Amino acid sequence: MPFALTPERERTFQELLTRYPTKMALTIPLLQLCQEQHGWISEEVMLFVAERLDLSAAHVKGVVTFYTLFNQHPVGKHQVWVCKTLPCALRGAYDVLHQCEKKLGIKAGETTSNGQITLRTAECLASCATAPMMQVDKEYFEDLTPERVDEILRRLQES
Amino acid sequence: MLKPTEYLTCVYGLPSGHTLPVYEKHAYGYETARRVLTTMTAEQVVAEAKKANIRGRGGAGFPMGIKWSFMRPHPTKPAYLIVNADEGEPGTHKDRTIMERNPHSIVEGCIIGAYAIGAHVGYIYVRDELHLSKARLNEAIAEARAKGYLGPKPFGSSWSIELYVHSGAGAYICGEETSLLNSLEGKRGEPRLKPPFPAQVGAFGCPSTVNNLETMAIVPTAFRLGCEEFSKLSALHNLDDGGVRLYGLNGHVKKPGVHELAVGPTLRELIYDLGGGVLGDRELFAIIPGGSSTPVLRPTDTLSAPDPGSKLHAWHGKCVLDVPLGVDTMRASGTMLGTCCVTVLAQGTDPVMAMLNLMQFYHHESCGQCTPCREGSGWLDRTVQKIFDGRGTMQDIDALHEIAGNVMGNTICAFGDGMAMPALGFVKKFRKELEAYVRGDTKKENARLTVT
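Rules used throughout
Residues numbered from 1 in each chain as written. Chains lettered and ligands numbered in written order. Predicted model: local features only at pLDDT ≥ 70, side-chain atom pairs only at ≥ 80, totals over all residues. Helix = DSSP H or I, 4+ residues; strand = E, 2+ residues; numbered from the N terminus. Buried ≥ 20, exposed ≤ 12 C-beta atoms within 10 Å, placed from the backbone. Contact = placed C-beta atoms within 7 Å. Nonpolar A, V, L, I, M, F, W, Y, C, P; charged D, E, K, R; others polar. Pairing = 2+ DSSP bridges. Axes fitted to C-alpha atoms, helices over the stretch in contact; angles between N-to-C directions. Domains from an automatic or database assignment. Parallel < 35°, antiparallel > 145°, perpendicular 65-115°, else oblique. Left-handed = near helix turned anticlockwise from the far one by under 90°.

When helices and strands are tallied, chain B shows 17 helices and eight strands. Each principal axis of the C-alpha distribution contributes one length, and for chain B these read about 75 × 45 × 45 Å. Burial status across chain B gives 58% buried among its 452 residues. Counting contacts in chain B only where the partners sit at least 6 residues apart, residues at least 24 apart contribute 71% of the total.

Structure below.
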């Protein structure tokens with residue numbers, strides 16, 4: 001089925017169009033709107049973006065495959081990112097990751113069998129002074145302790 | 001010397017500190033932009049800005065005023081101000097605090113900057129993960145626009161200014177300025193060859209200035225104090241490294257955090273006076289002075305400036321912990337100042353494991369455009385992994401040196417150097433530890449990055 005934006009997102013898109021001198025500049029913002037709605041970037045989404053911005057599908061696919069945060073496959077309803085780069089690793093990020101893997105019963109990169117949670121590792125999320133940290137969807141959780149990690153995951157599983 | 005200041009951080013702890021009423025009450029909100037736009041010409045602003053000696057806060061340390069002066073009015077094309085808030089250098093966590101807690105300083109700085117370089121439109125490129133930062137910036141822009149500080153005639157002047165937040169999509173490389181421009185234009189974030197420089201051909205083929213976010217945020221303060229006075233706050237004013245900036249502390253220190261200080265504190269002051277010392281009162285093992293791309297230092301390293309004519313000669317032979325942190329002093333110490341966010345490693349940290357962590361990062365983030373970087377990043381990662389796993393040979397250690405050496409200077413952008421320099425730094429400073437893995441004296445089962 002062809003993809004289309006909800007009326008509200010369509011309005012956002014129209015407003016964004018006024019901000020840039022070219023349509024191509026909307027590639028990332030429009031893909032983000034689409035992903036917010038659809039959860040991932042399917043082939044239909046890429047064709048939709050290409051058509052709305054007068055771009056080739058190849059250009060859009062090139063952009064999608066370049067950036068880490070575009071999901072090229074369906075993912076869980078919630079995204080859990082554990083930062084594993086050095087400053088966090090010095091403060092126990094590997095332990096946080098292992099705790100998440102154990103509690104969720106999946107490895108980094110996998111999604112729980114009920115499709116609710118995808119666990120991923122992230123490269124530095126600019127939270128080094130409050131390490132270790134994890135990001136759940138759009139929210140940062142910092143200065144983590146094993147107790148807090150348990151609490152965060154428990155709430156997420158219950159939601 | 002440690003000289004704490006509060007020009008940017010004065011609203012950090014206040015309730016609703018990120019809002020316009022607090023900015024106006026406690027931080028001279030928009031008074032400076034008003035004065036600049038209504039009493040100075042763009043040329044005067046650029047001339048004044050040069051006196052501030054603001055070295056770019058993104059890591060390269062290029063003087064902001066000089067960068068602004070590269071902008072020339074184009075007969076047909078508009079100019080753009082681009083603000084780089086793609087904060088992603090491992091160990092760097094300063095820009096986020098400004099966006100979250102004092103976003104109006106950025107908006108005000110952008111008004112002054114856009115006016116100076118002749119831009120009517122500015123884009124603040126923020127990495128996607130920083131959702132709170134983007135929300136706070138958008139809020140601040142809306143507040144400023146409602147007051148008429150942005151839009152058609154700010155402060156009754158004739159210079160219209162619009163400011164937009166543009167979100168990245170998860171790519172460290174987009175912190176490189178030309179890659180950021182490609183990303184803003186809706187392309188893959190692959191760096192461009194320079195020249196042409198952004199001041200000639202920048203965003204959308206038009207003259208553009210790309211400044212780091214902290215650089216822009218401190219602009220109102222510099223102009224309020226008078227740019228020369230601002231520069232003189234720094235202990236390194238005579239090295240053209242002026243003013244105040246944010247210093248970050250992370251890793252194995254007792255009190256990690258972000259502090260605003262006059263330029264020129266020493267690492268010892270940062271780690272022991274502000275950071276409360278090393279975790280568990282352990283010995284200091286190593287320091288990464290300004291983000292992972294700046295080569296690692298040992299506490300025994302010294303500054304080298306043997307030429308008596310050098311302005312740095314006074315510190316020649318001095319322990320790197322006791323040298324004022326500045327762009328030039330760190331360069332003479334065999335590393336770089338970078339983003340001024342210091343990562344501390346305590347005794348007991350495994351340096352090979354730390355190196356592996358960083359090489360995994362660069363391998364993941366290499367954009368793949370240039371062969372030396374694309375192949376070299378994977379090769380470095382795999383070779384350190386091999387050594388760490390106990391399968392390495394002495395030749396592998398030399399290979400690390402050779403691979404990194406072959407990346408250096410052979411790529412379009414600075415990412416290659418930013419990966420090769422720390423790799424070479426680790427091989428040089430921790431060769432004994434690498435050899436211990438090869439001989440089997442150290443085993444990865446016992447390796448730790450955490451200390452208690």
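Still to come is the rest of the account.
Turning our attention to the overall build of chain A. Scanning chain A from N- to C-terminus turns up seven helices and four strands. For chain A, the succession of helices and strands along the chain, N to C, is α-α-α-α-β-α-α-β-β-β-α. Taking the principal axes of the C-alpha coordinates as reference, chain A spans close to 50 × 35 × 25 Å. For chain A, buried positions account for 38% of its 159 residues. By sequence separation, contacts in chain A at least 24 residues apart represent 57% of the contacts at least 6 residues apart.

In this section: the interface of chain B and chain A. Often the size quoted for an interface is simply the accessible area lost on bringing the parts together. Taken together, the contact pairs 46 residues of chain B with 34 residues of chain A. At the level of secondary structure, the elements contributing two or more residues to the side of chain B that touches chain A comprise strand E3 (162-167), helix H8 (177-184), strand E5 (244-251), strand E6 (257-262), strand E8 (341-346) and helix H13 (351-365) of chain B. With six residues, the single largest contributor to the side of chain B that touches chain A is H13 of chain B. For the side of chain B that touches chain A, the per-class residue count stands at 17 nonpolar, 21 polar and eight charged.

So, about the sheet that holds strand E7 (residues 284-288) of chain B. Residue and element names in this part refer to chain B. Strand order in the open sheet formed by four strands is E6-E5-E8-E7, and the pairing between neighbours is mixed. Each edge of the open sheet is held by one strand with a lone partner, namely E6 and E7. Neighbour to neighbour, the strand axes of the sheet diverge by 30° on average, direction disregarded. Inspection of the sheet shows E7 paired to E8 by four bridges, in the antiparallel sense. The residue of E8 that forms the bridge with Leu284 is Ala346.

Right, let's talk about the sheet that holds strand E2 (residues 119-126) of chain B for a bit. Each strand in a sheet pairs with its neighbour through backbone hydrogen bonds, running either in the same direction (parallel) or in the opposite one (antiparallel). All names here are of chain B. Pairing in this open sheet of four strands is parallel, and the strands run E3-E2-E1-E4 from one edge to the other. Each edge of the sheet is formed by a strand with only one pairing partner; in this case those strands are E3 and strand E4 (208-212). The mean inter-strand angle of the sheet, taken between neighbouring strand axes irrespective of direction, is 20°. As judged from the six bridges shared by E2 and E3, these two strands associate in the parallel manner.

What follows concerns the domain arrangement of chain A. By the assigned domains, chain A splits into domain 1 (7-66) and domain 2 (78-158). Inter-centroid distance (C-alpha atoms) of domain 1 of chain A to domain 2 of chain A is 29 Å.

Let's shift gears to unusual backbone geometry. Cis geometry marks the peptide bond from Ala131 of chain A to Pro132 of chain A; its omega dihedral reads -5°. Structurally, the position occupied by Pro132 of chain A is in the loop between strand E2 (117-122) and strand E3 (134-136). If you check the backbone angles, Asp143 of chain A has positive phi at about 50° while not being a glycine. Along the chain, Asp143 of chain A falls in the loop between strand E4 (139-141) and helix H7 (146-158). Not every positive phi belongs to a glycine, and Asp281 of chain B is a case in point at roughly 50°. By secondary structure assignment, the location of Asp281 of chain B is in the loop between helix H11 (267-274) and E7. By C-beta crowding, Asp281 of chain B is classed as exposed, having 9 other C-beta atoms within 10 Å.

Residues and elements named next belong to chain B. Summarising burial for E6: five of the six residues are buried, a large majority. As defined by bridge partners, E5 adjoins E6 across six bridges and the pair is classed as antiparallel. Its bridge partner being in E6, Gly248 is matched across the sheet by Val258. Once E5 ends, the chain turns through five residues before running back antiparallel as E6.

Residue and element names in this part refer to chain B. At a closest axis distance of 10 Å, the pairing of helix H14 (residues 371-388) and helix H15 (residues 394-407) adopts a crossing angle of 160°. In terms of axis orientation, H14 runs roughly antiparallel to H15. Helix-helix and strand crossings are classified by hand; for H14 and H15 the assignment is left-handed. Touching Pro372, Cys373, Gly376, Trp379, Leu380, Thr383, Val384, Lys386 and Ile387 of H14 are Asp396, Ala399, Leu400, Ile403, Ala404, Asn406 and Val407, all from H15. Classifying every residue of the contact of H14 with H15 by side-chain character gives 11 nonpolar, three polar and two charged.

All names here are of chain B. Examined at the domain level, chain B breaks down into domain 1 (9-232), domain 2 (237-346) and domain 3 (351-446). Put simply, the middle of domain 2 and the middle of domain 3, counted by C-alpha atoms, are 24 Å apart. Opposite the seven residues of domain 2 that make contact, domain 3 presents 10 residues. When the residues that make up the side of domain 2 that touches domain 3 are grouped by side-chain class, the tally is four nonpolar, two polar and one charged.

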